Amino acid sequence: MRYAKLSKADFPKLFEALKGYGEVFAPVEEKGKVVFRRVENLKEAKLEYTRTLLPPKKLFLPPEEEILSFEGETYTEKLDGKKAVLLGVHACDINGILKLDRVFLDAPRDEYYARRRENTLVIGLTCVPDKYCFCTSVGSGYASSGFDLFLHDLGKEYLVRIGSGEGYRLSKAEYFKEAGEAEMKLAAKLEERRKGRIKRKINLAGMGDLIETEGKEGWEELTRKCLACGTCNLVCPTCQCYDVSDLLTLDIRKGSRVRRWDSCMLKRHALVAGGLNFRPTVVERTLNRLSCKVGEEVRCVGCGRCTVYCPAGIDFVEMLSTIRGVAK
Ligand code: SF4
Ligand code: SF4
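Now for a look at the structure at hand. (Residues numbered from 1 in each chain as written. Chains lettered and ligands numbered in written order. Predicted model: local features only at pLDDT ≥ 70, side-chain atom pairs only at ≥ 80, totals over all residues. Heavy atoms only, no water.)

We now examine the overall build of the protein. Helices and strands together make up the secondary structure of the protein, namely 11 helices and 12 strands. By the compact-globule yardstick of 20 Å for 328 residues, the protein fits well, its C-alpha radius of gyration being 22 Å. Counting only C-alpha atoms, the protein reaches 65 × 60 × 40 Å along its principal axes. Out of the 328 residues belonging to the protein, those deemed buried represent 48%. Carbon and sulfur atoms form 52% of the exposed surface of the protein, whose accessible area is close to 16500 Å². (Helix = DSSP H or I, 4+ residues; strand = E, 2+ residues; numbered from the N terminus. Rg over C-alpha atoms; globule rule 2.2 N^0.38 Å. Buried < 20%, exposed > 50% of the residue type's maximum accessible area, 1.4 Å probe, protein only. Areas by Shrake-Rupley, 256 points an atom, 1.4 Å probe, with all protein chains shown as cover.)

And the structure:
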């Protein structure tokens, strides 16, 4: 990996260069929440933040999108190849994007996702952890790939890791300077300090087996408060389920095909023709969700969103700790 340094005073110059590449989306504070949205000026961005409400996946896989329209026997696919920049993405969310890449870029490739992913620069940024973060327990506290540039905050300047050819091209601008041993050591020290602030820990060894063998009474207690609202899925950076529907005019000559995020916590998610439902109860749906996130494969990146935004106050890490038998 190559490195450079960028003075904070020169960040606006980088921002202008990013704008020259495409539309820039950055974290912005809105009504007390931080959200990714399009910005025209670097001053609009909130660069020190903990987590956004929705993860940055919404840029690659929008909550709702028309994927094609049709009239008679002809149809037009809505493939979006617009160039864009995702600025200020934290390590956990970059690792979340990498997990989605495996789903949408591996065969069969999802062209709608792939076009946006390939045309979007990802600029990573040091995070500000809170008591709900547990990325270090799931190996997502550091991004080794999945970005074009990653900016490590050193105070008055950034140590910049260069993660792609496009990132390298950007780093050739005169306002990037050579990084030396001092900046590298300081970045490593600050990184250790930041990791030390992540106090939440969860041992996931064998968690898939523990989830499978948890008794009926235990599950009923764990899910007693759950409203089956699906919020935990909607805010999760690695949830990938979507639903597709065709919306037709009354004469069925014209219409559009729309896909929307779906949630495995909703009752109709596993409903099939004939009225059979594979997961009719909240217990079954929670078991499915936990197995998907921390079962055989760990797909959770420890961002804490599902706990922070659960309207019933269900704590994801506490639930897993109870299953392990180590809850406080
Ligand atoms: S957000 Fe909370 S209440 Fe809603 S489905 Fe998820 S666990 Fe249940
Ligand atoms: S399961 Fe919860 S903590 Fe884990 S990545 Fe999804 S939202 Fe974040």
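In this section: helix α9 (residues 282-294). The end-to-end C-alpha separation of α9 is 18 Å, in line with the 18 Å expected for 13 residues at 1.5 Å each. Those residues of α9 that sit buried are Arg-285, Thr-286, Arg-289, Leu-290, Lys-293 and Val-294. On an axial view of α9, the arc spanned by its buried residues comes to 130 degrees, and they lie on one face. (Expected span 1.5 Å × (residues − 1). Arc of directions from axis to C-beta.)

Before going further, it helps to examine the pattern of salt bridges. Taken as a whole and judged by the stated rule, the model has 31 salt bridges. The closest approach of N and O atoms between Lys-19 and Glu-40, which form a salt bridge, is 3.6 Å. Of this pair, Lys-19 sits in helix α1 (residues 11-21) while Glu-40 sits in the loop between β3 (33-39) and β4 (64-71); the two residues are 21 residues apart in sequence, bridging distant segments of the chain. One salt bridge in this structure joins Asp-315 and Arg-200, with 2.7 Å as the shortest N-O distance. (Salt bridge = Lys/Arg side-chain N within 4 Å of Asp/Glu carboxyl O.)

The next point concerns the nonpolar core. Residues Leu-6, Phe-11, Leu-14, Leu-18, Leu-87, Leu-149 and Phe-176 are the most contacted members of the largest nonpolar core, which totals 26 residues. Those elements giving two or more residues to this core turn out to be β1 (2-7), α1, β2 (23-30), β6 (84-89), β7 (120-125), β8 (149-153) and β9 (157-162). Of the residues forming this core, the biggest block, 5 residues, is contributed by α1. Setting aside residues no more than four positions away along its own chain, Leu-87 makes contact with Phe-11, Phe-15, Leu-18, Val-24, Phe-25, Ala-26, Pro-27, Phe-36, Leu-42 and Ile-123. With 22 residues, the next largest nonpolar core counts Trp-219, Leu-290, Phe-316 and Ile-323 among its residues. (Core = buried A, V, L, I, M, F, W, Y, C linked by side-chain atoms within 4.5 Å. Contact = heavy atoms within 4.5 Å.)

Now for the sheet that holds β4. Taken in spatial order, the 4 strands make up an open sheet running β5-β4-β12-β11, and their pairing is antiparallel. Only two strands of the sheet have a single neighbouring strand rather than two, namely β5 (74-77) and β11 (242-248). Ignoring which end each strand starts from, the neighbouring axes of this sheet average 20 degrees apart. Where β11 meets strand β12 (residues 254-261), 7 bridges bridge the pair, whose relative direction is antiparallel. (Pairing = 2+ DSSP bridges. Axes fitted to C-alpha atoms, helices over the stretch in contact; angles between N-to-C directions.)

In short, geometric facts, not functional conclusions.
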